[in-house]
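Now for the letters of each chain:
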Amino acid sequence: MTATIIDGKAFSARVRAEAGRKVMVLKEQHDLTPGLAVVLVGEDPASQVYVRNKGKATVEAGMKSEEIRLDVTATEQEVLDVVHRLNADPTIHGILVQLPLPKQVDEMAVLDAIDPMKDVDGFHVINTGRQAVGLPAMVPCTPLGCLMMLKDTLGDLSGLNAVVVGRSNIVGKPMASLLLSENCTVTIAHSRTRDLPAVCRGADILVAAVGRPEMIRGDWVKPGATVIDVGINRIPKEDGKTRLVGDVCFDEAVEVAGAITPVPGGVGPMTIACLLANTVTAACRQAGIDEPE
Ligand code: NDP
């Protein structure tokens, strides 16, 4: 029996439409237009595509979108000046600084300068800490999207064994923290984990956020498990072109899992949708109003 394919594209369209509907309510009832600013430093081609897509999705949801581009030679102070200006701008409720930043700019210093209330990427330590202790927080978009898909697929996650492979600050750690908040029994695996296949085989929920193409094989997956593949890896094809694959060997895992996200079309589309949802949440909190139902 093959797994149910979790359709991130369709789900993200629902989340985006929901954000758009809330924006309409906020405009009509509170004269509030949520605004999202994206800061791009340099000309990394992948980052340019992400930024363009984010801007487009923001406008489609009826929000204000501002894009600030700085030269690859920008100093840390120049980036900080932009962040400070956006922190003080009442029409901007969300600020996202596209990573990676050029090496002369300290990423932590820049993320730390963002007003935590406007930190729609959820990378500020204040938000990390608030989420960890159960206070309202801005939650990083990729793990939030994964959690939404898991809850949509499984309902209550209480008591399930969750294994998160990867412990980065932007995916693995916040994912583990969110799953813990949902009462999962959480294991965080990483490059020093012993016998990773055996650890993975214990997972009812397996989240792969490693950045290694098709590393997780079908026989690492517990029969019936729900597999969320965060990985985005570009590998060469025989014709000289490239194709995208995840961190999970999909063709093998789909034969064993109960449900699985494909790459592309799984976690990826959810990230931008969650960014829009976070911007709506941030705008409501800053305005001191309840988020529309
Ligand atoms: P990082 O490189 O920051 O982290 C990778 C993690 O994987 C590290 O914790 C590392 O362990 C662990 N790891 C590496 N090799 C192994 C191994 N052989 N066995 C077990 N663990 C290993 O990556 P990110 O978290 O930023 O991203 C992970 C993947 O997710 C990438 O493919 C990225 O492109 C993708 N991604 C997708 C997004 C989306 O929107 N869908 C958004 C963000 C990322 P250690 O800490 O010990 O080094």
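Residues numbered from 1 in each chain as written. Predicted model: local features only at pLDDT ≥ 70, side-chain atom pairs only at ≥ 80, totals over all residues.

Quick word on the overall build of the chain
No. 1: The secondary structure content of the chain amounts to 10 helices and 11 strands.
No. 2: The C-alpha radius of gyration computed for the chain amounts to 19 Å, which stays within 12% of the reference 19 Å derived for 293 residues, consistent with globular compactness.
No. 3: With respect to the principal axes defined by its C-alpha atoms, the chain has extents near 50 × 45 × 35 Å.
No. 4: Counting all 293 residues of the chain, 43% fall into the buried class.
No. 5: Looking at the chain alone, contacts between residues at least 24 apart form 68% of all its contacts between residues at least 6 apart. (Helix = DSSP H or I, 4+ residues; strand = E, 2+ residues; numbered from the N terminus. Rg over C-alpha atoms; globule rule 2.2 N^0.38 Å. Buried ≥ 20, exposed ≤ 12 C-beta atoms within 10 Å, placed from the backbone. Contact = placed C-beta atoms within 7 Å.)

Here we look at the UniProt feature "domain: Tetrahydrofolate dehydrogenase/cyclohydrolase catalytic" (unreviewed entry) in the chain
No. 1: With numbering matched to this structure, UniProt assigns "domain: Tetrahydrofolate dehydrogenase/cyclohydrolase catalytic" (unreviewed entry) to residues 6-121.
No. 2: End-to-end, the C-alpha atoms of residues 6-121 are 24 Å apart, and along that stretch the chain is 51% helix and 16% strand. (UniProt positions renumbered as here; feature names shortened; annotations may be inferred.)

Describing the sheet that holds strand β4 (residues 94-97)
Adjacent strands of a sheet form backbone hydrogen bonds with each other and so pair up, either parallel or antiparallel.
No. 1: Spatially, β3-β2-β4 is the arrangement adopted by the 3 strands of the open sheet, whose pairing is parallel. Two strands close off the open sheet at either side, each with one partner strand: β3 (64-70) and β4. Each neighbouring strand pair of the sheet contributes to a mean axis angle of 15 degrees, computed without reference to strand direction.
No. 2: As paired elements, strand β2 (residues 35-41) and β4 share 4 bridges and run parallel to each other. Directly across from Val39, in β4, lies its bridge partner Val97. (Pairing = 2+ DSSP bridges. Axes fitted to C-alpha atoms, helices over the stretch in contact; angles between N-to-C directions.)

Some points on the site of the ligand
No. 1: Taken together, 25 residues sit near the ligand, with Gly166, Ser168, His190, Ser191 and Gly211 positioned nearest.
No. 2: Looking at the shell around the ligand element by element, the count peaks at 3 residues for helix α10 (residues 267-287).
No. 3: Across the shell around the ligand, the residue classes tally to 10 nonpolar, 12 polar and 3 charged. (Near = placed C-beta within 6 Å. Nonpolar A, V, L, I, M, F, W, Y, C, P; charged D, E, K, R; others polar.)

Describing helix α6 (residues 141-154)
No. 1: With 14 residues, α6 should cover 20 Å at 1.5 Å per step; its first-to-last C-alpha distance of 20 Å lies within 8% of that length.
No. 2: Turning to α6, its buried residues number three or more, namely Cys141, Thr142, Pro143, Leu144, Gly145, Cys146, Leu147, Met149 and Leu150.
No. 3: Next to the buried residues of α6 lie α1 (8-30), α7 (172-181), β7 (205-208), β8 (226-229) and α10.
No. 4: Just downstream of α6 lies Gly155, where phi reads positive at about 75 degrees. (Expected span 1.5 Å × (residues − 1).)

Points about the domain arrangement of the chain
No. 1: Under the domain assignment, the chain is made up of domain 1 (30-118) and domain 2 (141-268).
No. 2: Here the C-alpha centroids of domain 1 and domain 2 sit 29 Å apart. (Domains from an automatic or database assignment.)

A word on the UniProt feature "binding site: NADP(+)" (unreviewed entry) in the chain
No. 1: Per the UniProt annotation, the sites labelled "binding site: NADP(+)" (unreviewed entry) are Gly166, Arg167, Ser168 and Ile232.
No. 2: Position of Ser168 relative to the elements: it lies in the loop between β5 (161-165) and α7.
No. 3: Leave out the neighbours within four places in its chain, and Ser168 touches Lys173 and Ala209.
No. 4: Position of Ile232 relative to the elements: it lies in the loop between β8 and β9 (233-236).
No. 5: If near-sequence neighbours (up to four positions away) are discounted, Ile232 is found in contact with Leu244, Val263 and Gly268.

Re the nonpolar core
No. 1: Formed by 86 residues in total, the largest nonpolar core has its most connected members in Val164, Val165, Leu179, Leu206 and Val207.
No. 2: Ranked by the residues each element gives to this core, the list is headed by α10, at 11 residues.
No. 3: Composition of this core by domain shows at least three residues from each of domain 1 (30-118) and domain 2 (141-268).
No. 4: Ignoring anything within four residues of it in the chain, the contact list for Val207 reads Cys146, Ala162, Val164, Val165, Met175, Ile228 and Val230. (Core = buried A, V, L, I, M, F, W, Y, C linked by C-beta atoms within 7 Å.)

Side note on the sheet that holds β8
No. 1: Pairing in this open sheet of 6 strands is parallel, and the strands run β1-β11-β8-β7-β5-β6 from one edge to the other. With partners counted over all chains shown, the strands left at the sheet margins are β1 (4-5) and β6 (185-189), one partner each.
No. 2: Here β5 pairs with β7 via 4 bridges, running parallel. When the bridges of β7 are listed, Val164 appears paired with Val207.
No. 3: On top of the sheet, α6 reaches β7, β8 and β11 (259-260); it is set at about 160 degrees to β8, its chief contact.

Side note on the confidence of the model for the chain
No. 1: Residues of the chain with pLDDT of at least 70 account for 100%, and the chain-wide mean is 97.
No. 2: For this predicted complex, the interface confidence score (ipTM) comes to 0.99, while the overall pTM stands at 0.97. (pLDDT = per-residue confidence, 0-100.)

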